[in-house]
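A look at the structure
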Amino acid sequence: LARRRNIGIISHIDAGKTTTTERILFYSGLVHRMGEVDDGRATTDWMLQERERGISITAAAVTCMWADHEITIIDTPGHVDFTIEVERSLRVLDGAVAIFSAVEGVEPQSETVWRQADRFGVPRLAFVNKLDRLGADFERTVAMMREKLGVRTLLMQWPDGDGDAYRGQVDVLTGDHLTWSEADEGRTVERRPAEGELAERAAALRESLIEAAADHDEALMEAYLEGSPIEAGAIRRALRRVVLAGEGVPVYCGSALRNRGVQSLLDAVVDYLPSPADLPPAAGRHPEEEAEETRPPTEEAPFSALAFKVQMDGGRRVTYLRVYSGKAKVGDEVWNPARAKGERLARLFRMYSHKRERIEEVGPGDIVAAAGLKEAATGDTLCEKAHPIRFEAIVAPHPVISIAVEPKDATGAKKLDETLVKLEAEDPTFQARRDADTGQIVMSGMGELHLDVLTRRMREEYGLEVRVGRPRVVYRETLRREAEGEAVFDRELGGKPQYARIKIRVRPVPGEGVAYLSHVPPAGEGGESPAALLTAAEEAALASAGSGALAGYEMTDVRIELLEAEYDPDRGTEAAFGVAAGNAFAEACRRAGGQLLEPVMSVEVTLPEEFTGAVIGDLNARGGRVEGIEDRGGGEASFQAVRAHVALSKMFGYSTDLRSATQGRATYAMTFSHYEACEMAGA
Ligand code: GDP
């Protein structure tokens, strides 16, 4: 277990994640021909259109060997439209390598992903890439990491020159000057003692590494204070503790494209990133009793795993699993507490870059693909039935944008239905449903690019030609004030008299989503109504909130309280409780008054200074609020970052407009920020 690393590579688009991943697979000896992103043959980009676009959309897990360690790389996408992919990868990986471009430095999306990694407490290394490019600036990039990301950087290397003058780098711990021969695609790392200014720089940086390490190691501290010589190995071991505690980030540098620096990065993955054994036991809850349960990463513990990705592979469902504890064999039945179902592990695979290998058994720390699981969805826990546990689910953010879709010809209707079901199974941020009023099929997702990608997948992977409508904002609704509603159901249904009286209170609670609270105890806990009837009332109220009580949009930021439920032992039924609760809720909402909400996005535009005025003017014209402007440096030109909040409805087609306003020199990132009240007429 100590020889395993489960890592992710996180970065802004174009910082060089794909190229670096390729080089890692190449040097680790599994890929014998270096795939180039630019000719569209990168191994991790195996979905057709990812190749075309040159971006990695879907996380795939690839395993390789380095220095007697097994490293599994969980691919994570760089585009914020796909944050769920980033989140679910972060859930199952143990450490990460963050790649920055030495030219652009820390870009908006790198910040977003970095914060997500902070939230999951993932130890990280940084790789400052593209040192060979004109305008590369290692020092500035490191300064941005400190300022923008609040990182305590541990400089493990320092470049020897940059841009055209970039020759190699010095290894701070050993004082070696490293270069890579052009002749054998950088396979041989040449080491010689650093000299002159570089040697002095390395010595000074080594001092600061020792200081950082000494905080975590008393023996080292003593040696340091006494001025005794300190071995590189001792510093490495102490720094490992610093990194695992999340108190520092070792920084490496190089040029993936020019084959420089990748081997040092792999060594660092082994030296500083955690193995599954370094992690605290995985924590979850007992599915029924709600008590906290933990699973240590050992083979003796009961089996537990998280399904973190479902992929359709030629019509078959492949489920990616991260095993936390215990063992499971092919043919075993595992328990899925979320669906109260046992499912059989028909086949298990480990994915290598060029092949998949069937395996018979999985254990703690394994990341594998399983075939045969029909029900398990992203975020579901799999465990032993006798020792049930549920890990926290992976929460998918709510879709903010929708488009109508229809098949190009009538014969495609059935195929469209089937395809949508498959895409929904793979991607929890994607929803498709038929609009009750218009009969149209409406797809919802995280942004224009997200839906665009899915539409193209329908054509390219499923051979389905579709027409899509214009993108629309997904509105929500909430309430204006607190109110109560009461309803009585007293009728004969199916020849049987049925009765219920329900009283409900509703109120707006910002940030709460939809919450339900019952003040009515069930029978057996001091009340009269059987628990099943109260559940029927709850389900009916929540279903009404889901379809919108006023304008037909899903509600949010609403608290629903069950105040009273009158139970008649002869006539009380689930149907009566359900209808009465739905009516009481509708009545309460009518009194509370409805408020339409629209999604407001955080937008950050990075651009050369000369365009700042025009871009701010345009954001203002879209009704946006500019929150700040910062200098970003930028090598050849002076760059600025403009941060604003803008309603999503005003941001359609922004990428095209921005491109033409800035001659294609600006980039932007957009993430959902919050909902804001808007006029009913706006719908
Ligand atoms: P990703 O979007 O983060 O996966 O980035 P890619 O690996 O696709 O790289 C984006 C572009 O930058 C491609 O054209 C690469 O060839 C180029 N690139 C990647 N690494 C380097 C590097 O070290 N130096 C230079 N000059 N270009 C690089």
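Residues numbered from 1 in each chain as written. Predicted model: local features only at pLDDT ≥ 70, side-chain atom pairs only at ≥ 80, totals over all residues. Heavy atoms only, no water.

**Things to note about the overall build of the protein**
Where we set the bar: Numbering of helices and strands runs from the N terminus, with a helix taken as a DSSP run of H or I at least four residues long and a strand as a DSSP run of E at least two residues long. The reference for a compact globule is 2.2 Å times residues^0.38; the radius of gyration itself is calculated from the C-alpha atoms. Three exposure classes are used, based on accessible area relative to the maximum for each residue type with a 1.4 Å probe and protein chains only: buried under 20%, partly exposed in between, and exposed over 50%. Using a 1.4 Å probe, accessible areas were evaluated by the Shrake-Rupley method; residue-level cover was limited to the displayed protein chains. Positive charge is attributed to Lys and Arg, negative charge to Asp and Glu, and no charge count is given to His or to the chain ends. A charged residue contributes its charge at one atom only: NZ of Lys, CZ of Arg, CG of Asp or CD of Glu.
Looking only at helices and strands, the protein features 15 helices and 37 strands. In terms of C-alpha radius of gyration, the protein reaches 28 Å, essentially the compact-globule figure of 26 Å for 683 residues. Looking at the protein residue by residue over its 683 residues, the buried ones come to 55%. Carbon and sulfur atoms make up 47% of the accessible area of the protein, which amounts to about 29400 Å² in all. Side chains of the protein carry 83 positive and 112 negative charges; the gap between the two charge centres is 4 Å.

**Section: the site of the ligand**
Stated formally: If a single non-hydrogen atom of a residue is within 4 Å of a molecule or strand, that residue counts as near it. As used in this structure description, the phrase polar contact means that two N or O atoms lie within 3.5 Å; if the pair is within protein, one of them must be able to donate a hydrogen and the other to accept it, and residues adjacent in sequence are counted only when both atoms belong to side chains.
Around the ligand lies a shell of 18 residues, among which Asp14, Lys17, Thr18, Thr19 and Asp132 are the nearest. Contact distances for the ligand include 3.0 Å between an oxygen atom and a side-chain N or O atom of serine 255. Protein chains bury 88% of the 580 Å² of accessible surface belonging to the ligand in isolation. Residue contributions to the shell around the ligand peak at three residues, all from helix H1 (residues 17-27).

**Brief notes about the packing of helix H6 (residues 196-214) against helix H8 (residues 232-244)**
This is how the line gets drawn: Every axis in this analysis is a line fitted to C-alpha atoms, fitted for helices over the stretch in contact. Angles between the N-to-C directions lie between 0 and 180 degrees. Oblique is the label for every angle not falling under 35 degrees (roughly parallel), over 145 degrees (roughly antiparallel), or within 65 to 115 degrees (roughly perpendicular). It is the rotation of the near helix from the far one that decides the hand of a crossing: anticlockwise by less than a right angle makes it left-handed, clockwise makes it right-handed. Contacts were defined at the residue level, with two residues in contact if any of their heavy atoms lie within 4.5 Å. Amino acids outside the nonpolar list (Ala, Val, Leu, Ile, Met, Phe, Trp, Tyr, Cys, Pro) and the charged list (Asp, Glu, Lys, Arg) are all regarded as polar, and Gly is one of them.
Contact pair H6 / H8: the axes reach a minimum separation of 9 Å and the direction vectors enclose 55 degrees. Between H6 and H8, the angle is such that the two are oblique. Both H6 and H8 take part in a crossing whose hand is left-handed. Residue-level inspection shows Arg206, Leu209, Ile210, Ala212 and Ala213 of H6 in contact with H8, the latter providing Ala232, Ile235, Ala238, Leu239 and Val242. In terms of residue class, the contact of H6 with H8 is built from nine nonpolar, no polar and one charged.

**Concerning empty space enclosed by the protein**
Taking a probe equal in size to a water molecule and rolling it over the atoms shows the remaining empty space. We apply this condition: Two kinds of site are reported from a 1 Å grid over the protein atoms alone, namely cavities, where a 1.4 Å probe fits but cannot get out, and pockets, open sets with protein on both sides within 12 Å along at least five of seven lines, and residues are called lining when an atom falls within 4 Å of a point. Grid points are joined across faces, edges and corners, and a volume is the space filled by probe spheres set on the points.
By the definition in use, this model includes two cavities of 30 Å³ or more. Approximately 30 Å³ is the volume attributed to the second largest cavity. Contributing to the lining of the second largest cavity are Ile10, Ser11, Ala98, Phe100, Ser110, Val113 and Trp114. Looking at the lining of the second largest cavity, the elements with two or more residues in it are strand S1 (4-11), strand S4 (95-101) and helix H4 (108-119). Sorting elements by how many residues they give to the lining of the second largest cavity places H4 first, with three residues. Within the lining of the second largest cavity, the residues separate by chemical class into five nonpolar, two polar and no charged.

**Things to note about helix H13 (residues 574-592)**
Put simply, the rule reads: By definition here, a helix of n residues has an expected span of 1.5 Å times n minus one.
Between its terminal C-alpha atoms H13 stretches 27 Å, which fits the 27 Å expected from 19 residues at 1.5 Å a residue. Buried within H13 we find Ala576, Phe577, Gly578, Ala580, Ala581, Gly582, Ala584, Phe585, Glu587, Ala588, Cys589 and Ala592. The positive-phi residue at the C-terminal boundary of H13 is glycine 593, with phi of around 80 degrees.

**Details of the pairing of strand S12 (residues 282-285)**
Basically, it comes down to this: A pair of strands is considered paired only if DSSP assigns at least 2 bridges between the two.
Only one face of S12 is buried: it carries Ala282 and Gly284, and the other face, with Ala283 and Arg285, is open. Relative to strand S13 (residues 292-295), S12 is paired through four bridges, and the arrangement is antiparallel. Each bridged residue has a counterpart across the sheet, and for glycine 284 the counterpart in S13 is glutamate 293. Connecting S12 to the next strand, S13, in antiparallel fashion are six residues, including glutamate 290 with a positive phi near 70 degrees.

**Regarding the confidence of the model for the protein**
The test is simple: Each residue carries a pLDDT score, the predictor's own confidence in it, on a scale running from 0 to 100.
Across the protein, the average pLDDT comes to 87, with 91% of residues at 70 or higher. At the level of individual helices and strands, the protein shows its lowest average pLDDT in helix H2 (residues 48-53), which scores 42, and its highest in strand S11 (residues 249-253), which scores 98. Every residue in residues 45-59 scores below 50 in pLDDT, and together they form 50 contacts with partners more than four places removed in sequence or on other chains.

**Observations concerning the nonpolar core**
Condition: What makes a nonpolar core is a set of buried Ala, Val, Leu, Ile, Met, Phe, Trp, Tyr and Cys residues whose side-chain atoms join them at distances within 4.5 Å.
By size, the foremost hydrophobic cluster in this structure holds 96 residues, and its most contacted members are Ile71, Val97, Phe138, Leu239 and Tyr272. Residues contacting phenylalanine 138, with those up to four places away along its chain left out, are Val128, Leu131, Leu155, Gln157, Trp158, Pro159, Val251, Tyr252 and Cys253. Core analysis: the second largest hydrophobic core is formed by 39 residues, Ile401, Leu416, Val603 and Phe611 among them.

**Points about the sheet that holds strand S8 (residues 168-171)**
Across the sheet, four strands lie side by side as S7-S8-S9-S10; this open sheet has antiparallel pairing. With one partner strand each, in any of the chains shown, strand S7 (157-160) and strand S10 (189-193) form the two edges of the open sheet. Strand-to-strand, the axes of this sheet are offset by a mean angle of 30 degrees, without reference to chain direction. Direction of pairing for strand S9 (residues 176-180) relative to S10: antiparallel, over a ladder of five bridges. When the sheet's bridge partners are listed, leucine 178 is paired in S10 with arginine 191. Sheet contacts for H6: S7, S8 and S9; angle to S7, the most-contacted strand, approximately 165 degrees.

**What to know about helix H9 (residues 262-272)**
Counting buried residues along H9, nine of its 11 residues qualify, which places the element largely inside the surrounding structure. When H9 is considered as a whole, its buried residues turn out to be Val262, Gln263, Ser264, Leu265, Leu266, Ala268, Val269, Val270 and Tyr272.

**Considerations on the pattern of salt bridges**
The following threshold applies: Here, a salt bridge means any side-chain nitrogen of Lys or Arg that lies within 4 Å of a carboxyl oxygen of Asp or Glu.
The tally for this structure, following the rule as stated, stands at 49 salt bridges. A salt bridge links glutamate 486 to arginine 501; the nearest nitrogen and oxygen atoms lie 3.2 Å apart. Of this pair, glutamate 486 sits in strand S30 (residues 483-493) while arginine 501 sits in strand S31 (residues 496-508), placing them 15 residues apart in sequence. For arginine 501, a relative accessible area of 17% puts it in the buried group. A salt bridge links arginine 625 to glutamate 676, with the nearest nitrogen and oxygen atoms 3.3 Å apart. Highlighted residues: arginine 625 in strand S35 (residues 625-633) and glutamate 676 in strand S37 (residues 667-678), separated in sequence by 51 residues. Relative accessible area serves as the criterion here: at 41%, arginine 625 is assigned to the partly exposed category. You can call glutamate 676 partly exposed: its relative accessible area is 28%. The network of salt bridges with common partners includes Glu482, Glu484, Glu486, Arg501, Lys503, Arg505, Arg507, Glu561, Glu564 and Glu566.

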